[in-house]
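Structural description and commentary
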There are 2 protein chains.
Amino acid sequence: MSDLGIASRANLEPIQDIAQRAGIPEEALELYGRYKAKIDTGLLHERTGTARGRVVLVSAMSPTPAGEGKSTVTVGLGDALSATGTRTMIALREPSLGPIFGMKGGATGGGYSQVLPMEDINMHFTGDFHAITSANNLLMALVDNHLHRGNELGIDPRRITFRRVLDVNDRALRQIVIGLGGPTEGMPREAGFDITVASEVMAVFCLATGIDDLRERLAAITVGYTFDRKPVTVADLNAQGAMTMLLKDALKPNLVQTMAGTPALIHGGPFANIAHGCNSVIATNTARALADVVVTEAGFGADLGAEKFMDIKARFAGFEPSAAVVVATVRALKMHGGVAKDALGAENVDAVRAGLCNLERHVTNIGKFGVTPVVAVNRFHTDTEAELDVVIQWCRERGVEAAVAEVWGRGAAGGAELAQKVLAAIQKPQEFSPLYELELSVEEKISTIVREIYGGAGVEYSAEARRALERIHANGWDAMPVCMAKTQYSFSDDASLLGAPEGFTLHVRDLIPKTGAGFIVALTGSVMTMPGLPKVPAAMRMDVDAQGRAVGLF
Amino acid sequence: MSDLGIASRANLEPIQDIAQRAGIPEEALELYGRYKAKIDTGLLHERTGTARGRVVLVSAMSPTPAGEGKSTVTVGLGDALSATGTRTMIALREPSLGPIFGMKGGATGGGYSQVLPMEDINMHFTGDFHAITSANNLLMALVDNHLHRGNELGIDPRRITFRRVLDVNDRALRQIVIGLGGPTEGMPREAGFDITVASEVMAVFCLATGIDDLRERLAAITVGYTFDRKPVTVADLNAQGAMTMLLKDALKPNLVQTMAGTPALIHGGPFANIAHGCNSVIATNTARALADVVVTEAGFGADLGAEKFMDIKARFAGFEPSAAVVVATVRALKMHGGVAKDALGAENVDAVRAGLCNLERHVTNIGKFGVTPVVAVNRFHTDTEAELDVVIQWCRERGVEAAVAEVWGRGAAGGAELAQKVLAAIQKPQEFSPLYELELSVEEKISTIVREIYGGAGVEYSAEARRALERIHANGWDAMPVCMAKTQYSFSDDASLLGAPEGFTLHVRDLIPKTGAGFIVALTGSVMTMPGLPKVPAAMRMDVDAQGRAVGLF
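Since the structure is predicted, the reported quantities are computational estimates derived from the model, not experimental observations. (Residues numbered from 1 in each chain as written. Chains lettered and ligands numbered in written order. Predicted model: local features only at pLDDT ≥ 70, side-chain atom pairs only at ≥ 80, totals over all residues. Heavy atoms only, no water.)

**Points about the interface of chain B and chain A**
In this assembly, 69 residues from chain B lie in contact with 69 residues from chain A. For the chain B face of the interface with chain A, the top three residues by lost area are B:Arg149, B:Arg171 and B:Met245, together amounting to 11%. At the junction of chain B with chain A, the criterion picks out eight salt bridges. B:Glu119 is the salt-bridge partner of A:Lys248, the closest N and O atoms lying 2.9 Å from each other. There are 42 residue pairs in polar contact (both at pLDDT 80 or more) connecting chain B and chain A. (Contact = heavy atoms within 4.5 Å. Buried area = accessible area lost by both parts, 1.4 Å probe. Salt bridge = Lys/Arg side-chain N within 4 Å of Asp/Glu carboxyl O. Polar contact = N/O pair within 3.5 Å; in protein donor to acceptor, adjacent residues only side chain to side chain.)

Right, here's the structure in full:
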């Protein structure tokens, strides 16, 4: 049965009931239909006081292109923790419309570990991404209007770094020329669209601790540079107020439920490459104010997702992660053990063993943040007992807590052992610390990540990156954390270097200061900020049935 | 006090209470916060049976650039009718975000005749426009992906007529070149963005009678032409299912309330030039199923708004308007009487009298549809009693029902007399018929409108329009009604020809078949489908205050 098929058979509770069990007072609830609600966090915090819940991050080993099921494990673990009587909340990213119409795939979990109503969550939801698109594009309309109306600030049209966004996979908008048609039609210049989740407004939205912090971060966004190379910010255009107004309702976190009735906050969804790849700080902190344990997720493998979660999100949000689940799959282990993509279905115990070097480095890395790792082997139907045993045995020998998770097929029951291991892990004394101090130079921060997390030997900067480093230094932006944009398939910047490569050099192509989000993106290799559609887009088979329900959505 | 100031002092009722009084069963209600709800019309119609309410259209004389307050009169009249004990509903368009950040001005009425919560309605509301933007732009991503992936249909990139949209005033996107950057980045071609309200998807959305009709109309949209000049439709790209899915929730009409607690449906908002300029058929028909009288509005003056309302909307929706209010103002009459814009504030009885020729033609035109006109003189604080008397006296002499409306300042009480006149008018026997039969040729339809409604002598077609006529004929599209795109300031296509010009020739520049919406747009003069921002956009003074409320919004 498809995820949508399973989801449509679920019995949803009215969201008011979910809210009540979660301790959310009715006056703080803004309903969006029967099964979705926004939470007025101002009204909530008057009631709940300070946040106190422990944060469990769900991350993963270096994944296969098909993904290892992090969202499914996050939901299943949340349900399994709930089943033990632990006050649990889940915090996840909102899905982008782009990939939904491109390739099959959402971000609402799968099988019997889904957040619901998955159809709504995957389509418009409560409109947050549309609000972000609007705020981003209002800013750009103001920028181009400024050029057209005399360019008082002296913005160099060749050095406008901010782009427009749409929540659609639209290759043809990557590189465009705008303002054509003569003097009444704007100032011609090169421009382009990114997908909404790649917008710095999205990153800002997800790192903001409240509406005032949101306005401040928006004001600090750099949109480009003047002819004499001075940064031009949103504050220079005085656009932060209108942008904040467009975002004020979106900033309230969205409450939904899992198939087992566990409350889940789904809010924000920044890219995991040019941004930090986790749900909003506001959602995580709201969940911490309501629950004893918050299960949340970060995009990509732990080298990217967990590192950024610790060094950017947790640092900015002011909480200390209590445990990190590293999702592993037999498939991914076999791939890292040298098996070709089309042979991953066949049993191969030796390859699993050979691929453990990848998992090992991720597990060790988690420890470097002073956080306890727990391995979750996300079981697929092609996995054999012998293969699973190798992983569990290996973990046991190294003193790493581990459990096989069967949450896709069995829901909470399939995550019971994992839940016990996680509960044990968060009881242990923690000594969380980010990997690096912000006072280090940008190069030192990058070197630290490459050496400590990636296992690489050194870093090489392109001429462009060197120039960017100089500008960053000249503008006094050195003290921001670094947001690595790197392939998720390898510890290195070469996607084909599987396992646990050593001695490699990481090539930094460019450095992009995101002064609103408050981090410096280090680009290694090419990063796609506007995906394209495949030859036969998934959109082709979608429709609405006679009962008004979505058809063909997963 | 500002409209926002007055609105923020209003006491809103929970939307469930409004719904209950309107006869909407609770199970048909989908809440969006406390004061907005979508109505599941499927569930509703099981309860209410066939629609029966009488439709009162609010239109206007040829307006001044500042507008004559049609929305305010619509809301005030609705409240005044409610106050008489008549079961009344109001149906209005949703406002576009574009003009809100450009110039001051919303579409939620004013003073003590507003729909609430005006702040929400003017900003994202329930996300309908964002859904329309998404559906429009998914279609265009599919079109450009088709070109990039081999162009099996043979679409001529120079003859793609459909454009992308954004709900923002962004001049620089009017004429652009997309697909630059080499073979992996799409096929280069000229393109452009319109504002969302100008999208044919918006027109389709507003004319659809249900989800199946929506899908059919979407499928019939022409996106461009092949190299051998055959139309390419949405159906050829098989995009109608996914587009319908993106629109399925948006298609449910939105319930809000006026300041006096009258239920109002605010749904859809097509342009009044290249589209028909009224709220959705679904909203109007839903209101007709619930109320005895439905007060609704059409954009621009009656030569455009009322004509299209009768000849396009009422014809497609299958209802017969029972009365048409023609909003007049002393200001507009003085302008048509020859007074310059900066002298409209001073008393000038003679000019008012001289300007009555404009009102007269509009009133006569309403009669040509077999609908009873009622003149509403929307009072402004600069109007004198002598000026108002001239208008009322003139109406009395001609046997036209008329009343002064003071709904901005006094709400329902200021519309009491107007309500009585409207109630009397709808009791009269009506013989509604559209102005022309669909079987006429396109030229005959246009000639009929120009002769009967505009008072013009003839029509001249540009060479481009002639070619378009041939293509329309060749494609068998003649039987569609015509949607005139003309300046709203004059009966002619010359905005400076005020009063009631005669003997003029209307110049049709081009004809655009909107095969999804089901009408042919006749372009006269230049029509702006993507507005620009002024030197100092209204966005600059907007923000959110410490209580989370919008500031600077009107």
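Next comes the rest of the description.
**So, the sheet that holds strand E24 (residues 519-523) of chain A**
All names here are of chain A. With mixed pairing, the three strands of this open sheet are ordered in space as E21-E24-E23. Sheet topology places strand E21 (482-485) and strand E23 (510-514) at the edges, where each strand pairs with a single neighbour. Direction aside, neighbouring strands of the sheet carry axes that sit 25° apart on average. One ladder, built from four bridges, connects E21 with E24; its direction is parallel. Following the sheet pairing, Ala485 is matched in E24 by Leu523. With respect to the sheet, helix H13 (residues 305-317) is in contact with E21 and E24, its orientation differing from that of E21 by roughly 160°. Strands in contact with helix H20 (residues 463-474) are E23 and E24; relative to E23, the strand with the most contacts, it is inclined by about 30°. (Pairing = 2+ DSSP bridges. Helix = DSSP H or I, 4+ residues; strand = E, 2+ residues; numbered from the N terminus. Axes fitted to C-alpha atoms, helices over the stretch in contact; angles between N-to-C directions.)

**Details of the state of the cysteines**
Covalent bonding between the sulfur atoms of two cysteines is what defines a disulfide. Tallied over the entire structure, the rule returns zero disulfides over all chains. In this model A:Cys278 remains outside any disulfide bridge; the closest cysteine sulfur is found in A:Cys206, 8.1 Å from its own. Among the residues examined, A:Cys278 registers a relative accessible area of 0% and is labelled buried. Take B:Cys395: it sits in no disulfide, and the sulfur closest to it among the cysteines is that of B:Cys357, at 13 Å. (Disulfide = S-S within 2.5 Å. Buried < 20%, exposed > 50% of the residue type's maximum accessible area, 1.4 Å probe, protein only.)

**Things to note about the domain arrangement of chain A**
Residue and element names in this part refer to chain A. In terms of domain boundaries, chain A breaks down into domain 1 (3-45 + 53-126 + 250-426), domain 2 (128-245) and domain 3 (442-524). Spacing between the C-alpha centres of domain 1 and domain 3 amounts to 27 Å. Opposite the 26 residues of domain 1 that make contact, domain 3 presents 27 residues. Between domain 1 and domain 3 the total buried area reaches about 2,200 Å² when both faces are included, carbon and sulfur atoms providing 63% of it. Of all residues in domain 1, Ile274, Asp303 and Arg361 bury the most surface against domain 3, accounting for 28% of the area lost on that side. Linking domain 1 with domain 3 are three salt bridges. For Lys368, the salt bridge goes to Glu452, with nearest N and O atoms at 3.4 Å. For the interface between domain 1 and domain 3, the tally reads nine residue pairs in polar contact (both at pLDDT 80 or more). The set of elements that each furnish at least two residues to the side of domain 1 that touches domain 3 consists of H13, helix H14 (330-336) and helix H15 (349-368). Looking at the side of domain 1 that touches domain 3, the element that brings in the most residues is H15, giving six residues. (Domains from an automatic or database assignment.)

**A closer look at the sheet that holds strand E23 (residues 510-514) of chain B**
Residues and elements named next belong to chain B. Pairing in this open sheet of three strands is mixed, and the strands run E21-E24-E23 from one edge to the other. Strands at the two margins of the open sheet, each flanked by one partner only, are strand E21 (482-485) and E23. The mean angle between the axes of side-by-side strands here comes to 25°, regardless of whether they run parallel or antiparallel. Bridging between E23 and strand E24 (residues 519-523) involves five bridges; their strand directions are antiparallel. Bridge pairing links Leu511 to Ala522 in E24.

**Notes on the relation of the copies chain B and chain A**
Superposing chain B onto chain A takes a rotation of 180° plus a shift of 0.0 Å along the axis, which leaves an RMSD of 0.0 Å. On the angle and the small slide along the axis, the relation comes out as a two-fold axis. Using C-alpha coordinates, one finds that chain B approaches the rotation axis most closely at B:Tyr32, a distance of 2.2 Å. Comparing interface residues between copies, 100% of those in chain B also sit at the interface in chain A, which points to an isologous, same-surface contact. (Least-squares fit on C-alpha atoms with pLDDT ≥ 70 in both.)

**Notes on the nonpolar core**
Counting residues in hydrophobic clusters, the biggest one holds 285 residues, and the most contacted among them are A:Leu359, A:Leu511, B:Leu359 and B:Leu511. With sequence-adjacent residues up to four places away left out, A:Leu511 is seen in contact with A:Ile446, A:Tyr461, A:Ala465, A:Ala468, A:Leu469, A:Ile472, A:Ile520, A:Val521 and A:Ala522. A:Ile24, A:Ala37, A:Leu265 and B:Leu44 belong to the second-largest nonpolar core, a separate cluster that totals 40 residues. (Core = buried A, V, L, I, M, F, W, Y, C linked by side-chain atoms within 4.5 Å.)

**Some details on the pairing of strand E22 (residues 505-508) of chain B**
Residue and element names in this part refer to chain B. Burial of the side chains of E22 is restricted to one face: Leu506 and Val508 are buried, whereas none of Thr505 and His507 on the reverse face is. Pairing geometry for strand E20 (residues 458-461) and E22, over four bridges, is parallel. Each residue of the ladder has a partner; that of Glu460, found in E22, is His507.

**Digging into the UniProt feature "binding site: ATP" (unreviewed entry) in chain A**
Residues and elements named next belong to chain A. Under the present numbering, the feature "binding site: ATP" (unreviewed entry) in UniProt falls on Thr64, Pro65, Ala66, Gly67, Glu68, Gly69, Lys70 and Ser71. Tracing the backbone through its elements, the reader meets Pro65 in the loop between strand E3 (54-60) and helix H4 (70-83). Residues contacting Pro65, with those up to four places away along its chain left out, are Met335 and Tyr489. By the element assignment, Gly69 lies in the loop between E3 and H4. Relative accessible area serves as the criterion here: at 23%, Gly69 is assigned to the partly exposed category. (UniProt positions renumbered as here; feature names shortened; annotations may be inferred.)

**A closer look at the pattern of salt bridges**
Taken as a whole and assessed by the stated rule, the structure comprises 66 salt bridges over all chains. One salt bridge in this structure joins A:Arg451 and A:Glu452, with 3.8 Å as the shortest N-O distance. You can call A:Glu452 partly exposed: its relative accessible area is 28%. Connected through salt bridges with shared partners, the residues A:Glu30, A:Lys248, A:Asp249, A:Lys252 and B:Glu119 form a single ionic network.

**Observations regarding unusual backbone geometry**
Glycine aside, a negative phi is what most residues show, and trans is what most peptide bonds show. The linkage connecting A:Leu116 with the following residue, A:Pro117, adopts the cis geometry, with an omega of -5°. As for its position among the elements, A:Pro117 is in the loop between strand E6 (113-116) and helix H6 (118-121). Phi is positive for A:Phe300, close to 65°, though the residue is something other than glycine. Checked against the element boundaries, A:Phe300 lands in the loop between strand E16 (293-297) and H13. Classification of A:Phe300 by relative accessible area gives buried; the value is 18%. The phi dihedral of B:His124 is positive, around 70°, even though this residue is not glycine. Tracing the chain through its elements places B:His124 in the loop between helix H6 (118-121) and helix H7 (128-148). A relative accessible area of 19% means that B:His124 is categorised as buried.

**Details of the side chain of A:Asn254**
Residues and elements named next belong to chain A. Inspection of the secondary structure assignment puts Asn254 in strand E14 (residues 254-258). Assessed through its relative accessible area of 0%, Asn254 is described here as buried. Side chain to side chain, Asn254 and Asp128 meet in a polar contact 2.6 Å long. Here the side chain of Asn254 touches Ile266 through a polar contact of 2.8 Å, landing on its backbone oxygen. Beyond its immediate chain neighbours, meaning those up to four positions away, Asn254 contacts Ala37, Lys38, Glu94, Phe125, Thr126, Asp128, Ala264, Leu265, Ile266 and His267.

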